Amino acid sequence: MGVLDILYPKACVMCGRLLGRHERGVCGECMRELPYVSEPVCIHCGKPVAGGSEGICHDCGMAGESALDQGAALWVYEGQIKNAMQSFKNGGVSSDAGFYATELVTHLGNRIRKWRPDVIVPVPIHAKKEAFRGYNQADELCRELGRLTGIPHVRLLVRTKYTDPLKQLGPSARRKSLRQVFAINEEHTGFFSESGKRVLLADDIYTTGATINACADVLKAAGAESVFALCLCIGSER
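For the structure given in this document, a descriptive report is provided here. (Residues numbered from 1 in each chain as written. Predicted model: local features only at pLDDT ≥ 70, side-chain atom pairs only at ≥ 80, totals over all residues. Heavy atoms only, no water.)

A word on the packing of aromatic side chains. Evaluation of the coordinates by the stated rule reveals 7 aromatic pairs. Measuring from centroid to centroid gives 5.5 Å for Phe99 and Tyr100, while their planes differ by 55°, and the two rings are tilted. Judged by its relative accessible area of 13%, Phe99 is buried. Taken together through their ring pairs, the aromatic side chains of Tyr36, Trp75, Phe88, Phe99 and Tyr100 make up a single cluster. The positively charged end of Lys197 is found above the aromatic ring belonging to Phe191, 5.1 Å away from the centroid. (Phe/Tyr/Trp six-rings, centres within 6.5 Å; stacked < 30°, edge-to-face > 60°. Buried < 20%, exposed > 50% of the residue type's maximum accessible area, 1.4 Å probe, protein only. Lys NZ or Arg CZ within 6 Å of the ring centre and 35° of its normal.)

Attention now moves to the environment of Val227. With respect to the helices and strands, the residue Val227 is situated in strand S6 (residues 226-234). Judged by relative accessible area, Val227 falls into the buried class, the value being 0%. The spatial distance from the C-alpha of Val227 to the C-alpha of Gln70 is 7.4 Å, given a sequence separation of 157 residues. (Helix = DSSP H or I, 4+ residues; strand = E, 2+ residues; numbered from the N terminus.)

Right, let's talk about the pairing of S6 for a bit. The element S6 is extensively covered by neighbouring structure, given that 9 of its 9 residues are classed as buried. Bridging between strand S1 (residues 70-76) and S6 involves 6 bridges; their strand directions are parallel. Paired with Gln70 across the strands is Phe228, a residue of S6. One ladder, built from 8 bridges, connects strand S5 (residues 198-206) with S6; its direction is parallel. The residue bridging Leu200 from the neighbouring strand is Phe228, located in S6. Taken together, S5, helix H9 (residues 210-222) and S6 constitute a β-α-β crossover, and its handedness is right-handed. (Pairing = 2+ DSSP bridges. Right-handed = clockwise from strand over helix to strand, strands pointing away.)

Bringing unusual backbone geometry into the picture now. Peptide bonds are trans in most cases, and residues, glycine excluded, mostly fall at negative phi. Between Glu39 and Pro40 the backbone carries a cis peptide bond, its omega angle lying at 0°. Along the chain, the position of Pro40 falls in the loop between helix H2 (28-31) and helix H3 (58-63). Residues other than glycine seldom take positive phi values, yet Arg116 does so here, at roughly 50°. Structurally, Arg116 can be placed in the loop between helix H5 (97-115) and strand S2 (119-122). Judged by its relative accessible area of 54%, Arg116 is exposed.

Moving on to the pattern of salt bridges. By the definition in use, this model includes 9 salt bridges. Of the charged contacts, one joins Lys47 and Asp59 as a salt bridge, the two residues approaching to 2.8 Å between their closest N and O atoms. With a gap of 12 residues between them, Lys47 in the loop between H2 and H3 and Asp59 in helix H3 connect regions that are remote in the sequence. When the shortest N-O distance is used, the salt bridge between Asp139 and Arg143 registers 2.9 Å. (Salt bridge = Lys/Arg side-chain N within 4 Å of Asp/Glu carboxyl O.)

For the rest of this paragraph, the subject is the nonpolar core. Residues Met14, Trp75, Tyr100, Leu230 and Leu232 are the most contacted members of the largest nonpolar core, which totals 35 residues. When contributions to this core are tallied by element, the ones reaching two or more residues are S1, helix H4 (81-90), H5, helix H7 (137-149), S5 and S6. For this core, the element with the most residues is H5, which contributes 8 residues. Discounting residues that sit within four places of it in the chain, Tyr100 has contacts with Val13, Trp75, Ala84, Met85, Phe88, Leu141 and Leu232. By size, the runner-up hydrophobic cluster in this structure holds 34 residues, among which are Leu157, Val199, Ala216 and Leu219. (Core = buried A, V, L, I, M, F, W, Y, C linked by side-chain atoms within 4.5 Å. Contact = heavy atoms within 4.5 Å.)

See the structure below:
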């Protein structure tokens, strides 16, 4: 155990209990409670669906044609994982990104390799919100994913308009609110000068898919060949 571990002991991202010497990210008790996504899932976004569904979730069915090629998520957004995500997003604990990225690579690494992305791109937040928080949790997650996989992490997208939180809006209202909200970062306008680029979007929470799909629309319009999405948590239809 290093000096920093003694001065700043790590706590479980779910319950807040101080971690033991061999525990990483979550304590042993909470590790057993992590709600990992399991089949059957939507073949498009990866959301858990009822066993009798036809392979696609309600939100994807209602959204119709999408620029997103496929998505996957690690955990179902329920129970204590909700508190962990809120702390990661708004609580200033960006240091948890390393644990979350390791979990993604451990459990969804085969999916990432199958997709063969050329770049990992965070879903952006507005500059004012990022300045207030001090970081973008999706960007921190992408940075760690890039370190673990060797895939370049690039902030290809920017959020050009500030929008109110979407959690109280329905799917159609979310899509309307996100029209013309995202754009290609001016620093990387030449990224798609070569054809065949495959992009992996990453974010913390996937609900209806409106945000991910809006980002995918911009990337495809700019010249991306394929756009995939990887999220820590996702809703469920079960």
